[in-house]
Amino acid sequence: MISITSLPDRGVIAIEGDDRVAFLQGLVSNDVAAVRPGHPIWAAFLTPQGKWLADFFIIDDGSRLLVDCERQQMEDLAKRLSRYRLRLRVTLQPEPEMTVQVAWGGKPAADQGFVPDPRLPDFAWRKVTGSPEPTTATPEQWDRYRLSAGLPDGSKDMETDRSVLLEAGFDELNGVSWSKGCYMGQELTARTKYRGLIKRRLVPVTIEGPLPEPGSPILRDGIEVGTMRSARDGLGLATLRLDAMESRLTCGDAKLTPRVPDWMRLPATQT
């Protein structure tokens, strides 16, 4: 059976106007020109220094671009983006009454209005709607599914003004365009890729023992090698040094085992 749930921690910003694509194109990490009905993108908004501020899905409903973002960031993100409107013909409006839903475990029917999650093939489908579908699962079940695949979930797994996109898998997960024009934070993002500057990665871990709090230090032989991020039901994500991927790790009273998913390309295996 297909699992469907609503995500109360997600919000929506509607972007309208003739210049909506050009407006976002210079601000986010992915190619907004590639967005069309039924084909969303995943992208990030960065500081000028290339550090993470927010990530979101951009969905085309035919007349608007709908930004599926963290609800707690919705108002602030709309204000930040609005600073760059200048004379462009574009309006931004948070839509707090709209619901974000996600489906997994099978493709929803075409008439249900879901679009594919662009990060991994057949991983999940998303829907932004004012008329939600009946749910068959819980947000907690979705979170466990997401953790099992090793996919980041915004501020649960990344740090404002600190995280770098390629540490969090944005390259492999189709969150960065390397062929579009300039966008804010592009210089650092490109430099980390082409100079091989990544020294740590956000990776899935299995947890034996009590779940560590986010931000807890991860140790190898008493030396800190990483930081715990989100976790649930014995699964989690952690930012680890590349040389710690095959080590025995501890975090508080828990033992951690890194697990590199098939989609992830570490430097030793990158082509």
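Computed from a predicted model, the values in this text were never measured in an experiment.

A. The arrangement of helix α4 (residues 186–194) in detail. Inspection of α4 places Leu188, Thr189 and Thr192 among the buried residues, and these make up the whole buried set. Projection of α4 onto a plane perpendicular to its axis shows the buried side chains occupying an angular sector of 100°, all on one side. In α4, the exposed positions angled more than 90 degrees off the buried face are occupied by Glu187 and Tyr194. Where the residues of α4 are buried, they touch β3 (41–46). Phi turns positive one or two residues past the end of α4, at Gly196, with a value near 60°.

B. Spatial organisation of the sheet that holds strand β9 (residues 125–129). Read from one edge of the open sheet, 4 strands run β1-β7-β9-β8, paired in antiparallel fashion. Strands with a single pairing partner mark the edges of an open sheet, and in this sheet they are β1 (3–6) and β8 (115–116). The pairing of β1 with strand β7 (residues 99–104) spans 4 bridges and is classified as antiparallel. Residue Ser3 lies in a different strand from β7, and its bridge partner there is Trp104. Across the sheet, helix α3 (residues 139–149) touches β1, β7 and β9, and the angle it forms with β7 is around 55°.

C. Looking closely at the pattern of salt bridges. Evaluation of the coordinates by the stated rule reveals 24 salt bridges. Where Asp9 meets Lys156, a salt bridge forms, and the shortest distance between an N and an O atom there is 3.8 Å. One end of the pair, Asp9, is in the loop between β1 and β2 (10–16); the other, Lys156, is in the loop between α3 and α4, with 147 residues separating them in the sequence. One salt bridge in this structure joins Arg10 and Asp153, with 4.0 Å as the shortest N-O distance. Taken together, the residues span a long stretch of sequence, with Arg10 in strand β2 and Asp153 in the loop between α3 and α4 at a distance of 143 residues. Among the residues examined, Arg10 registers a relative accessible area of 5% and is labelled buried.

D. Fine view of the packing of aromatic side chains. Per the counting criterion, the structure on display carries 7 aromatic pairs. Measuring from centroid to centroid gives 5.8 Å for Trp142 and Tyr145, while their planes differ by 45°, and the two rings are tilted. Of this pair, Trp142 and Tyr145 both sit in helix α3, separated by 3 residues, roughly a single helical turn. The class for Trp142 is buried, based on a relative accessible area of 7%. Three or more aromatic residues joined by ring pairs form one cluster here, namely Trp104, Phe123, Trp142 and Tyr145. Positioned above the aromatic ring of Trp42, the side-chain terminus of Arg119 is 5.4 Å from the ring centre.

E. Highlighting the sheet that holds β2. Taken in spatial order, the 5 strands line up as β3-β4-β5-β2-β6 in an open sheet, and their pairing is antiparallel. Across the chains shown, the open sheet's two edge strands, defined by having one partner strand only, are β3 and β6 (91–94). Across the sheet, the mean angle from the axis of one strand to that of its neighbour is 30°, orientation sign disregarded. As paired strands, β2 and β6 are joined by 4 bridges and run antiparallel to one another.

The rules behind these values
- Sequence order sets the numbering: in each chain, residues are counted from 1 along the sequence as written.
- Whole-chain, interface and lining totals are the exception, using all residues; otherwise, since this is a predicted model, local features are given only for residues with pLDDT of at least 70 and side-chain atom pairs are given and counted only at 80 or more.
- Each side-chain value is derived from all of the structure's non-hydrogen atoms; neither hydrogens nor water enter the calculation.
- Only protein chains enter the accessibility calculation, which uses a 1.4 Å probe; a residue whose area is less than 20% of its type maximum is buried, one above 50% is exposed, and one in between is partly exposed.
- Every helix listed is a DSSP run of H or I at least four residues long, and every strand listed is a run of E at least two residues long, numbered separately from the N terminus.
- The arc in question is the one traced by the directions running from the helix axis out to the C-beta atoms.
- Any pair of residues with heavy atoms lying within 4.5 Å of one another is described as a contacting pair.
- By this definition, two strands are paired if DSSP reports at least two bridges between them.
- All axes are obtained by fitting lines to C-alpha atoms, using only the stretch in contact for helices, and the reported angles, taken between N-to-C directions, cover 0 to 180 degrees.
- The rule for a salt bridge is simple: a side-chain nitrogen of Lys or Arg has to be within 4 Å of a carboxyl oxygen of Asp or Glu.
- Each pair of aromatic rings taken from Phe, Tyr and Trp, with Trp reduced to its six-membered ring, is defined by centres within 6.5 Å and is described as stacked if the planes are under 30 degrees apart, edge-to-face if over 60, and tilted in the remaining cases.
- Comment: the charge-over-ring label is applied if NZ (Lys) or CZ (Arg) is within 6 Å of the ring centre and within 35 degrees of the ring normal.

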